[in-house]
Amino acid sequence: MVEYLKSEQGKIVRLDSACPGCWINLINPTNAEVEDVISSQELDAGFVRAALDPEESSRVELEDDQALLIVDIPVEEESDSITRDVQMYATLPMGIVVSDQVVVTVCLEDTSVTRDIASGKVVRGIQTAMRTRFVFQLLLRVAGRFLNYLHRIERSFNEIERRLYDSQENEDLMQLLGLQKSLVYFSASLKGNEVTMEKVLRGRILKLYDDDRDLLEDALIEIRQAIEMSGIYSTILAGTMEAYASVVSNNMNDIMKALTVITLIMTIPNMVFGFYGMNVSYLPGAVSFVPAIVSIIACFIAWRFLKKHKLY
């Protein structure tokens, strides 16, 4: 899908075709759509196609009068049967191509980073004709979206932790593992975005004005805050999973200890009845309730011995 958008009088309007100062938003485009945008705007084909590779890393490039910024953006993953109660997250590359006429964004999915602007939900201060500022506003929204999803992960983690206090289900542990994987994706992507923004901040890729520099610095501050948060949450989550693994192991040891004690005590009646079942006539009480009484007394003595020595 291709969208041609432009800010006019504080609103985002849709256009039928590209014009100077507009924003071209490519969402999982076809080859024909990509070729049309490349030819009509005389863009570098490699720049436009770069973000269509889901494994593309965050970076910045400059070629003649065009600049390419690739940043990782957070996206929500589809839930499966195990994670249906908890939202999982991943990251995708988004390419931002800045030419002397337009700004082009390319992504494989329609995400909230660009959708809120394209739909008109976020219009304050948006000026697509001011290309550098618009790019930095996109970067600021990327950083804000990371922070928002990290807060959601924290709430999900707290909810699962409360459930684990009552019952230790495998499903809850698998959900914790999924959240930990999301944090790993976030941490790697955020560090790549930080390096990219620092390169842009030097002013060699895009011309920086004072207001634009402040905007980029705000985005960089939020990115660093998100890096710190993801590191803290990852540490807490890893410690929690280790703690619950130890709890599960201790519970299993207690169960095995109880079964061992029961087995030892139940062995005593088998031994007593085994002796009396050999038809040995000189054993006392061979024809009375003596075997049962002896078994009960022996079991009680064994239980008291184990209890005294804290073996049970």
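Residues numbered from 1 in each chain as written. Predicted model: local features only at pLDDT ≥ 70, side-chain atom pairs only at ≥ 80, totals over all residues. Heavy atoms only, no water.

How do you make sense of the pattern of salt bridges when you look at a structure like this?
Scanning all chains against the criterion turns up eleven salt bridges. A salt bridge links Glu35 to Arg49; its shortest N-O distance comes to 2.3 Å. With Glu35 in helix H1 (residues 31-41) and Arg49 in helix H2 (residues 45-50), this pair connects stretches of sequence that are 14 residues apart. Taking the shortest distance from any N to any O, the salt bridge between Arg141 and Asp116 comes out at 2.9 Å. (Salt bridge = Lys/Arg side-chain N within 4 Å of Asp/Glu carboxyl O. Helix = DSSP H or I, 4+ residues; strand = E, 2+ residues; numbered from the N terminus.)

It is not clear to me how the sheet that holds strand E4 (residues 59-63) should be interpreted in this structure. Could you clarify?
Where strands meet in a sheet, backbone hydrogen bonds hold them as pairs that are either parallel or antiparallel. One open sheet accounts for seven strands, arranged E2-E1-E3-E7-E6-E5-E4; its pairing is mixed. On the outer flanks of this sheet lie strand E2 (11-15) and E4, each paired with one strand and no other. Going from strand to strand, the sheet's axes swing by 25° on average, the running direction of each strand aside. The pairing of strand E5 (residues 66-76) with strand E6 (residues 89-98) spans ten bridges and is antiparallel. (Pairing = 2+ DSSP bridges. Axes fitted to C-alpha atoms, helices over the stretch in contact; angles between N-to-C directions.)

Which parts of the structure should I look at to understand unusual backbone geometry?
Comment: phi is negative for the bulk of residues other than glycine, and the bulk of peptide bonds are trans. Although it is not a glycine, Asn28 adopts a positive phi angle of roughly 45°. You can see Asn28 is positioned in the loop between strand E3 (23-27) and H1. At Glu42, a residue that is not glycine, the phi angle is positive and equals roughly 55°. Considering the arrangement of structural elements, one finds Glu42 in the loop between H1 and H2.

Is there a simple way to think about the environment of Glu55 in this case?
Within the secondary structure, Glu55 is located in the loop between H2 and E4. For Glu55, a relative accessible area of 68% gives the class exposed. Distance in space between the C-alpha atoms of Glu55 and Thr91 is 9.7 Å, their sequence separation being 36 residues. (Buried < 20%, exposed > 50% of the residue type's maximum accessible area, 1.4 Å probe, protein only.)

Mind showing me how you'd approach a negative patch on the surface here?
The grouping of Glu42, Glu63, Asp64, Asp65 and Asp100 at the surface amounts to a negative patch. For Asp65, the location among the structural elements is in the loop between E4 and E5. (Patch = residues over 30% accessible without salt bridge, like charges linked within 9 Å, V, L, I, M, F, W, Y side chains within 5 Å. Areas by Shrake-Rupley, 256 points an atom, 1.4 Å probe, with all protein chains shown as cover. Lys, Arg positive; Asp, Glu negative; His and termini not counted. Charge placed at Lys NZ, Arg CZ, Asp CG, Glu CD.)

Help me understand the packing of aromatic side chains, please; the structure alone is not making it clear to me.
Aromatic rings considered in pairs are described by the distance between their centres and by the relative angle of their planes. Counted under the stated rule, the structure contains four aromatic pairs. Arranged with centres 5.2 Å apart and planes meeting at 85°, the rings of Phe146 and Phe186 form a pair that is edge-to-face. Of this pair, Phe146 sits in helix H4 (residues 131-166) while Phe186 is found in helix H5 (residues 170-201), placing the two residues 40 residues apart along the sequence. Through a chain of ring-to-ring contacts, the aromatic side chains of Tyr89, Phe146, Tyr149 and Phe186 assemble into a single cluster. (Phe/Tyr/Trp six-rings, centres within 6.5 Å; stacked < 30°, edge-to-face > 60°.)

Before we go on, may I ask you to explain H1 in this structure?
One full turn of an α-helix is made of 3.6 residues, so residues set three or four places apart face in the same direction. Of the positions making up H1, those classed as buried are Val34, Val37, Ile38 and Gln41. In a view along the axis of H1, the buried residues occupy a sector of 100°, so they form one face of it. Exposed residues lying more than 90 degrees from the buried face of H1 are Asn31, Ala32 and Ser39. Contact partners of the buried residues in H1: strand E1 (2-8), E3 and H2. Positive phi shows up at Glu42, right after H1, with a value of about 55°. (Arc of directions from axis to C-beta. Contact = heavy atoms within 4.5 Å.)

What's the story with the pairing of E1 in this structure? I'm lost.
For a regular strand, side chains alternate in direction, first toward one face of the sheet and then toward the other. With five of its seven residues buried, E1 lies for the most part within the structure. Direction of pairing for E1 relative to E3: antiparallel, over a ladder of four bridges. Paired with Val2 across the bridge in E3 is Leu26. Counted between consecutive antiparallel strands, the loop separating E1 from E2 contains two residues, among which Gln9 sits at a positive phi close to 55°.

Teacher, can you tell me more about the side chain of Ser230 here?
By secondary structure assignment, the location of Ser230 is in helix H6 (residues 210-276). Looking at Ser230, the relative accessible area reads 0%, which means it is buried. Those residues in contact with Ser230 that lie beyond four places of it in its chain are Leu150, Leu183, Ser187 and Leu190.

Even after reading the chapter, I still don't get the pairing of E4, so can you show me in this structure?
Sheet topology note: the E4/E5 ladder contains five bridges and is antiparallel. What sits directly across from Val60, in E5, is Leu69. Remark: two residues form the turn of the hairpin made by E4 and E5, two consecutive strands paired antiparallel; Asp64 in that turn has positive phi of roughly 55°.

Is there a simple way to think about the side chain of Thr111 in this case?
Mapped onto the fold, Thr111 is located in the loop between strand E7 (103-107) and helix H3 (112-118). The residues contacting Thr111, other than those within four sequence positions of it, are Ile73 and Val75.

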